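Each chain is listed here by its residues.
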Amino acid sequence: MDVLINVFVALHIIGIASLLGGFLTQMKAMGAGTARFTPAMLHGALTMLVTGVALVGLNQADDQTVNNVKIGIKLALLVVILALVYVKRDEEKVDKGAFIAVGALTTANIFIATVWT
Ligand code: HEM
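To keep things clear, this report deals only with the structure shown in the data block. Here the structure is a predicted model, which is why all the values come from computation and not from measurement.

## Things to note about the site of the ligand
Around the ligand sit 16 residues, and of these His12, Met48, Lys74, Asn109 and Ala113 come closest. With respect to the ligand, the side chain of His12 contributes an N or O atom lying 2.8 Å from a nitrogen atom. Mapped by element, the contributors of at least two residues to the shell around the ligand are α1 (2–25), α3 (39–61), α4 (68–87) and α5 (96–115).

Shown next as C-alpha coordinates:
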(Lines give C-alpha, C1' and ligand atoms only; values in the text may rest on other atoms or scores of the structure.)
Protein backbone atom coordinates (compact mmCIF):
# COMPACT_ATOMS: atom_id res chain seq x y z
CA MET A 1 0.00 0.00 0.00
CA ASP A 2 2.90 2.35 0.84
CA VAL A 3 4.21 2.09 -2.72
CA LEU A 4 0.76 2.89 -4.15
CA ILE A 5 0.40 5.92 -1.85
CA ASN A 6 3.86 7.15 -2.88
CA VAL A 7 2.98 6.69 -6.57
CA PHE A 8 -0.10 8.88 -6.06
CA VAL A 9 1.96 11.49 -4.16
CA ALA A 10 4.30 11.53 -7.20
CA LEU A 11 1.32 11.98 -9.57
CA HIS A 12 0.02 14.72 -7.22
CA ILE A 13 3.37 16.50 -7.56
CA ILE A 14 3.30 16.14 -11.37
CA GLY A 15 -0.10 17.89 -11.17
CA ILE A 16 1.46 20.77 -9.18
CA ALA A 17 4.27 21.02 -11.74
CA SER A 18 1.76 21.32 -14.56
CA LEU A 19 -0.48 23.85 -12.77
CA LEU A 20 2.25 26.05 -11.27
CA GLY A 21 4.61 25.59 -14.25
CA GLY A 22 1.84 26.71 -16.60
CA PHE A 23 1.32 29.78 -14.43
CA LEU A 24 5.03 30.63 -14.26
CA THR A 25 5.47 30.44 -18.05
CA GLN A 26 2.78 33.13 -18.37
CA MET A 27 4.32 35.60 -15.92
CA LYS A 28 5.89 37.77 -18.61
CA ALA A 29 2.65 37.79 -20.60
CA MET A 30 0.80 38.67 -17.39
CA GLY A 31 2.90 41.81 -17.08
CA ALA A 32 1.86 42.74 -20.62
CA GLY A 33 -1.80 41.90 -19.88
CA THR A 34 -1.90 39.03 -22.40
CA ALA A 35 -1.67 36.00 -20.12
CA ARG A 36 -4.06 33.09 -20.63
CA PHE A 37 -4.88 29.88 -18.80
CA THR A 38 -3.05 27.15 -20.71
CA PRO A 39 -4.26 23.54 -21.13
CA ALA A 40 -1.37 22.47 -18.85
CA MET A 41 -2.93 24.53 -16.03
CA LEU A 42 -6.38 22.99 -16.50
CA HIS A 43 -5.01 19.45 -16.73
CA GLY A 44 -2.74 20.08 -13.74
CA ALA A 45 -5.69 21.29 -11.64
CA LEU A 46 -7.76 18.24 -12.65
CA THR A 47 -4.82 15.97 -11.81
CA MET A 48 -4.60 17.58 -8.35
CA LEU A 49 -8.28 16.86 -7.74
CA VAL A 50 -8.22 13.22 -8.91
CA THR A 51 -4.93 12.31 -7.19
CA GLY A 52 -5.85 14.25 -4.02
CA VAL A 53 -9.17 12.40 -3.65
CA ALA A 54 -7.37 9.10 -4.37
CA LEU A 55 -4.77 9.91 -1.69
CA VAL A 56 -7.49 10.54 0.89
CA GLY A 57 -9.05 7.15 0.07
CA LEU A 58 -5.73 5.30 0.04
CA ASN A 59 -4.61 6.82 3.35
CA GLN A 60 -7.92 5.95 4.99
CA ALA A 61 -7.83 2.41 3.58
CA ASP A 62 -4.33 2.12 5.06
CA ASP A 63 -5.63 3.28 8.49
CA GLN A 64 -3.53 6.44 8.36
CA THR A 65 -5.07 9.57 9.83
CA VAL A 66 -6.04 12.25 7.36
CA ASN A 67 -6.31 15.85 8.58
CA ASN A 68 -9.82 16.63 7.35
CA VAL A 69 -9.60 20.38 8.06
CA LYS A 70 -6.36 20.68 6.08
CA ILE A 71 -7.70 18.58 3.20
CA GLY A 72 -11.00 20.51 3.27
CA ILE A 73 -9.18 23.85 2.94
CA LYS A 74 -6.97 22.47 0.13
CA LEU A 75 -10.06 21.16 -1.66
CA ALA A 76 -11.89 24.49 -1.28
CA LEU A 77 -8.92 26.43 -2.72
CA LEU A 78 -8.57 23.94 -5.58
CA VAL A 79 -12.29 24.25 -6.43
CA VAL A 80 -11.80 28.02 -6.84
CA ILE A 81 -8.67 27.43 -8.97
CA LEU A 82 -10.44 24.85 -11.12
CA ALA A 83 -13.53 27.02 -11.57
CA LEU A 84 -11.45 30.00 -12.72
CA VAL A 85 -9.24 27.98 -15.08
CA TYR A 86 -12.16 25.98 -16.52
CA VAL A 87 -14.51 28.91 -17.09
CA LYS A 88 -11.83 31.08 -18.70
CA ARG A 89 -9.99 28.29 -20.56
CA ASP A 90 -10.94 29.61 -24.02
CA GLU A 91 -10.32 33.31 -23.28
CA GLU A 92 -7.31 34.57 -25.18
CA LYS A 93 -6.54 37.16 -22.50
CA VAL A 94 -7.34 36.67 -18.83
CA ASP A 95 -7.50 39.68 -16.50
CA LYS A 96 -4.56 40.03 -14.14
CA GLY A 97 -6.65 39.56 -10.98
CA ALA A 98 -7.95 36.12 -11.96
CA PHE A 99 -4.51 35.07 -13.12
CA ILE A 100 -2.75 36.20 -9.94
CA ALA A 101 -5.50 34.51 -7.86
CA VAL A 102 -4.74 31.12 -9.46
CA GLY A 103 -0.98 31.46 -8.85
CA ALA A 104 -1.49 32.68 -5.28
CA LEU A 105 -4.03 29.98 -4.36
CA THR A 106 -1.81 27.25 -5.84
CA THR A 107 1.17 28.55 -3.85
CA ALA A 108 -0.99 28.78 -0.71
CA ASN A 109 -2.00 25.13 -1.17
CA ILE A 110 1.64 24.07 -1.47
CA PHE A 111 2.45 25.80 1.84
CA ILE A 112 -0.66 24.38 3.53
CA ALA A 113 0.35 20.88 2.34
CA THR A 114 3.94 21.16 3.54
CA VAL A 115 4.01 23.52 6.56
CA TRP A 116 0.79 22.24 8.24
CA THR A 117 2.01 18.92 9.63
C1 HEM B 1 -3.48 23.08 -5.85
C2 HEM B 1 -3.89 22.13 -5.04
C3 HEM B 1 -3.00 21.23 -4.22
C4 HEM B 1 -1.66 21.32 -3.94
C5 HEM B 1 -0.67 22.40 -4.40
C6 HEM B 1 -1.30 20.18 -3.11
C7 HEM B 1 -0.04 19.92 -2.64
C8 HEM B 1 0.33 18.78 -1.98
C9 HEM B 1 1.69 18.41 -1.61
C10 HEM B 1 2.95 19.26 -1.90
C11 HEM B 1 1.64 17.23 -0.96
C12 HEM B 1 2.80 16.42 -0.37
C13 HEM B 1 2.96 16.78 1.07
C14 HEM B 1 3.68 15.74 1.87
O15 HEM B 1 3.65 14.56 1.49
O16 HEM B 1 4.25 16.13 2.91
C17 HEM B 1 0.24 16.82 -0.89
C18 HEM B 1 -0.22 15.68 -0.29
C19 HEM B 1 -1.54 15.33 -0.19
N20 HEM B 1 -2.62 15.99 -0.76
FE21 HEM B 1 -2.53 17.68 -1.86
N22 HEM B 1 -2.44 19.42 -2.90
C23 HEM B 1 -3.49 20.02 -3.56
C24 HEM B 1 -4.80 19.58 -3.60
C25 HEM B 1 -5.28 18.50 -2.91
C26 HEM B 1 -6.67 18.10 -2.86
C27 HEM B 1 -7.80 18.81 -3.59
C28 HEM B 1 -6.74 17.01 -2.05
C29 HEM B 1 -7.92 16.18 -1.62
C30 HEM B 1 -9.14 16.32 -2.01
C31 HEM B 1 -5.40 16.72 -1.60
C32 HEM B 1 -5.05 15.67 -0.77
C33 HEM B 1 -3.77 15.34 -0.40
C34 HEM B 1 -3.43 14.20 0.46
C35 HEM B 1 -4.42 13.23 1.09
C36 HEM B 1 -2.05 14.19 0.58
C37 HEM B 1 -1.17 13.18 1.37
C38 HEM B 1 -1.33 13.35 2.83
C39 HEM B 1 -0.84 14.68 3.36
O40 HEM B 1 0.36 14.96 3.29
O41 HEM B 1 -1.69 15.48 3.83
N42 HEM B 1 -4.54 17.64 -2.14
N43 HEM B 1 -0.53 17.78 -1.52
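Now that the structure has been shown, we can carry on.
## With respect to α4
The terminal C-alpha atoms of α4, which comprises 20 residues, lie 28 Å apart, in line with the 28 Å expected from a rise of 1.5 Å per residue. When α4 is considered as a whole, its buried residues turn out to be Lys70, Lys74, Leu77, Leu78, Ile81, Leu82 and Val85. Viewed end-on, α4 has its buried residues packed into an arc of 140°, placing them on one side of the element. The outward face of α4, more than 90 degrees from its buried face, is lined by the exposed residues Asn68, Val69 and Val87. Residues of α4 that are buried in the fold lie against α1, α3 and α5. Near the N-terminus of α4, the side chain that reaches the backbone nitrogen of Val69, with its oxygen 3.2 Å away, is that of Asn67.

## A look at the side chain of Thr106
Mapped onto the fold, Thr106 is located in helix α5. Residue classification places Thr106 among the buried residues on the basis of a relative accessible area of 5%. Leaving out residues up to four positions away in the same chain, Thr106 has contacts with Leu19, Leu20 and Ile81.

## Focus on the packing of aromatic side chains
Applying the stated rule across the entire model yields two aromatic pairs. Taking 5.2 Å as the distance between ring centres and 20° as the angle between the ring planes, the aromatic pair formed by Phe23 and Phe99 counts as stacked. In this pair, Phe23 sits in helix α1 while Phe99 sits in helix α5, placing the two residues 76 residues apart along the sequence. For Phe23, a relative accessible area of 9% translates into the label buried. Accessibility expressed as a relative area gives 0% for Phe99, which makes it buried. The interplanar angle of 15° and the centroid separation of 5.2 Å between the aromatic rings of Phe37 and Phe99 together place this pair among those described as stacked.

## Section: the packing of α3 against α4
Two quantities define a packed helix pair, namely the angle between the helix axes and the distance between the axes. In the contact formed by α3 and α4, the axes pass within 9 Å of each other and the chain directions differ by 160°. Comparing their axes, α4 and α3 come out roughly antiparallel. Judged by the twist between their axes, the crossing of α3 over α4 is left-handed. On the side of α3, the interface is formed by Met41, Leu42, Ala45, Leu46, Met48, Leu49, Val56 and Gln60, while α4 contributes Asn68, Ile71, Leu75, Leu78, Ile81, Leu82, Val85 and Tyr86. Classifying every residue of the contact of α3 with α4 gives 14 nonpolar, two polar and no charged.

Calculation criteria
Residues numbered from 1 in each chain as written. Predicted model: local features only at pLDDT ≥ 70, side-chain atom pairs only at ≥ 80, totals over all residues. Heavy atoms only, no water. Near = heavy atom within 4 Å. Polar contact = N/O pair within 3.5 Å; in protein donor to acceptor, adjacent residues only side chain to side chain. Helix = DSSP H or I, 4+ residues; strand = E, 2+ residues; numbered from the N terminus. Expected span 1.5 Å × (residues − 1). Buried < 20%, exposed > 50% of the residue type's maximum accessible area, 1.4 Å probe, protein only. Arc of directions from axis to C-beta. Contact = heavy atoms within 4.5 Å. Phe/Tyr/Trp six-rings, centres within 6.5 Å; stacked < 30°, edge-to-face > 60°. Axes fitted to C-alpha atoms, helices over the stretch in contact; angles between N-to-C directions. Parallel < 35°, antiparallel > 145°, perpendicular 65-115°, else oblique. Left-handed = near helix turned anticlockwise from the far one by under 90°. Nonpolar A, V, L, I, M, F, W, Y, C, P; charged D, E, K, R; others polar.

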